[in-house]
Amino acid sequence: MKKIFKKNFLFLIVLFFLLILSLEIISFICCKFLGIEKKNKNTQRHLYHPYRGHQLNPDYKRKDDTNNEKIHTSKGFRQFEDIPYEKPIDEYRIIFMGGSAAYGIGSGSPYPFHTSLKNNETISFYIEQLLNKDLAPVINKKIKVLNAAVTAYQTFQHLIYINEILYKYSPDLVIFFDGNNDFYFCNPEFNHFLDYQYSSIKLISSFNNKDLTFSFYSLTNSLSKYSFFFTLLSKISQKIWEQSQQFIDKTQIIKEPDFYSNYEKTAINTYIKAYKQIETLANIYKFKMIVCLQPQIIFEDPKQLNEYDLNNYQITIKNLKNDLNDLFQIRSFIFKVFDKYFPSLPFLDLSKLIDSKYKENIYLDYCHLSPFGAKKSAEKICNYIILNKKNLID
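Residues numbered from 1 in each chain as written. Predicted model: local features only at pLDDT ≥ 70, side-chain atom pairs only at ≥ 80, totals over all residues. Heavy atoms only, no water.

A. Examining helix 7 (residues 200-208) more closely. Considered for burial, the residues of helix 7 that qualify are Ser200, Lys202 and Ser206. In an axial view of helix 7, the angular spread of the buried residues amounts to 155 degrees, which keeps them on one side of the axis. Contact partners of the buried residues in helix 7: strand 1 (46-49), strand 2 (53-56), helix 8 (212-223) and helix 9 (228-244). Just downstream of helix 7 lies Lys210, where phi reads positive at about 55 degrees. (Buried < 20%, exposed > 50% of the residue type's maximum accessible area, 1.4 Å probe, protein only. Helix = DSSP H or I, 4+ residues; strand = E, 2+ residues; numbered from the N terminus. Arc of directions from axis to C-beta. Contact = heavy atoms within 4.5 Å.)

B. A look at empty space enclosed by the protein. Scanning the model with the defined rule gives 1 cavity of 30 Å³ or more in all. Size it by volume and the largest cavity reaches roughly 60 Å³. Considering the residues around the largest cavity, the lining is formed by 14 residues, among which Gly99, Ser100, Tyr153, Asn181 and Gln294 are closest to the centre. Elements supplying a minimum of two residues to the lining of the largest cavity: helix 3 (100-103) and strand 5 (173-178). (1 Å grid on protein atoms, 1.4 Å probe; cavity = no way out; pocket = protein on both sides within 12 Å on 5 of 7 lines; lining within 4 Å. Points joined across faces, edges and corners; volume = space filled by probe spheres on them.)

C. Fine view of the pairing of strand 2. As judged from the 4 bridges shared by strand 1 and strand 2, these two strands associate in the antiparallel manner. Bridge pairing in strand 2 links Tyr48 to His54. From the end of strand 1 to the start of strand 2, which pair antiparallel, there are 3 residues. (Pairing = 2+ DSSP bridges.)

D. Just the layout of surface pockets, in detail. By volume, the second largest pocket amounts to about 300 Å³. What lines the second largest pocket is a set of 13 residues, and nearest its centre among them are Lys288, Met289, Ser344, Leu345 and Pro346. Looking at the lining of the second largest pocket, the elements with two or more residues in it are helix 10 (259-285), strand 6 (288-293) and helix 14 (389-392). No other element matches the 3 residues that helix 10 contributes to the lining of the second largest pocket.

E. Structural context of the environment of Ser224. Looking at the element boundaries, Ser224 is found in the loop between helix 8 and helix 9. For Ser224, a relative accessible area of 0% corresponds to the buried category.

F. Just the pattern of salt bridges, in detail. Counted under the stated rule, the structure contains 13 salt bridges. Residues Lys87 and Asp172 are paired through a salt bridge, measuring 2.9 Å at the closest nitrogen-oxygen approach. Here the residue Lys87 occupies a position in the loop between helix 2 (63-66) and strand 3 (91-98), and Asp172 occupies one in the loop between helix 6 (155-164) and strand 5, the gap between them amounting to 85 residues. According to the relative accessible area criterion, Lys87 is partly exposed, its value standing at 25%. Residues Asp326 and Lys255 are paired through a salt bridge, measuring 3.2 Å at the closest nitrogen-oxygen approach. Taken together, the residues Asp326 in helix 12 (residues 324-341) and Lys255 in the loop between helix 9 and helix 10 connect sequence positions 71 residues apart. According to the relative accessible area criterion, Lys255 is partly exposed, its value standing at 36%. (Salt bridge = Lys/Arg side-chain N within 4 Å of Asp/Glu carboxyl O.)

G. Local environment of the sheet that holds strand 3. As summarised here, the arrangement of the 5 strands in space is 4-3-5-6-7, forming an open sheet in which the pairing is parallel. In this open sheet, the two edge strands, each paired with only one partner strand, are strand 4 (142-147) and strand 7 (347-349). Recorded for the sheet is a direction-independent mean angle of 20 degrees between the axes of neighbouring strands. By the bridge criterion, 3 bridges tie strand 6 to strand 7 in an arrangement that is parallel. Residue pairing across strands places Cys292 opposite Leu348, the latter belonging to strand 7. Against the sheet, helix 10 contacts strand 5 and strand 6, and its axis sits at roughly 150 degrees relative to strand 6. (Axes fitted to C-alpha atoms, helices over the stretch in contact; angles between N-to-C directions.)

H. Focus on the packing of helix 8 against helix 9. In contact at an axis separation of 8 Å, helix 8 and helix 9 are set at 155 degrees when each is read in the N-to-C sense. Overall, the two elements helix 8 and helix 9 adopt an arrangement that is roughly antiparallel. In this structure, helix 8 meets helix 9 at a crossing whose hand is left-handed. Judged by residue contacts, Thr213, Phe214, Phe216, Tyr217, Thr220, Asn221 and Leu223 of helix 8 engage Phe230, Leu233, Ser234, Ser237, Gln238, Ile240, Trp241 and Ser244 from helix 9. Each residue belonging to the contact of helix 8 with helix 9 can be placed in one class, and the counts come to 8 nonpolar, 7 polar and no charged. (Parallel < 35°, antiparallel > 145°, perpendicular 65-115°, else oblique. Left-handed = near helix turned anticlockwise from the far one by under 90°. Nonpolar A, V, L, I, M, F, W, Y, C, P; charged D, E, K, R; others polar.)

I. Inspection of the side chain of His49 at higher detail. Mapped onto the elements of the fold, His49 is located in strand 1. Residue classification places His49 among the buried positions, given a relative accessible area of 6%. At a separation of 3.0 Å, a polar atom in the side chain of His49 contacts the main-chain amide nitrogen of Tyr51. Within polar-contact distance, the side chain of His49 engages the backbone nitrogen of Arg52 at 3.0 Å. When sequence neighbours within four positions are dropped, the list of residues in contact with His49 reads His54, Gln55, Glu164 and Ser200. (Polar contact = N/O pair within 3.5 Å; in protein donor to acceptor, adjacent residues only side chain to side chain.)

See below:
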């Protein structure tokens, strides 16, 4: 009897381990087929952040995106190396802020795939390179640019970021490369703090509500670094958790009863409020500001686009959530709002970047730039800085 029990017990153990092995092999195949990497500290671009929602992961690197090279510094900036808080006396320091276009993210479906830009292909890299060539000899200072852009950031996160840590770097100039993430909302009820739908906002809400789907996701996520099975399960549970979140979408364009009035109220509640507070910080910490309205392919003349950009333009038009004419109208409202609320704030319109036909593509998708597009943006920003040197630098 004991021998039979022992045999059965051993059989069950072997069967159990075969089942585990089978699940792991099947999960491995599924992950490879779906392009899902086993989760570890390197594969996540972002980490949760207590104030800003999310931040760049210093350890981020992925074979299919960065060729297994790190593109963030130890302090979470998008460049080769960190810079010290203390600014040398012979340095003119610029902080470059924005969302994914300023960061230099790549593109994916429905657009052609492109990896994230290399650190020597971003707008901030080209700004530093060009200004050190054309401006540094004139002002007798070397130019250093700190790229503090983070994907999906809105202007309220710039405000928090400067308050939290960036002021310690004693910038002389802060350049904001904004637009797509929060300039085109037109709903007076929209609140960029309460209605932001990414990162730790979801996490905190689920934790406070003791959400079971979130608890399951947390468990599988913590085990995903050890197993492809839990990696796959974590991905599935994440989708279930995200879909269970109940957020009211307030990003739709509301034109009635008065289109411009609605837009002005929305702008006041979002980026105007943020920039006004940043202006106060600029006065306290003695830095200048430039706001750049970022390029978007819908505002380009299709006749000036090469074949690659024209394909991206057509994909964008096909997938637009809002009416194209409404977006053109809102762009005109942006100019009007800045003239009214920021008459002396340097404002550079880059929304239509292409002024002649180029052989190389400017865009990777609807607003993210190719290395060539990043360089063209940097050239226009640098030209503006040099032309306005008296007000911005002297």
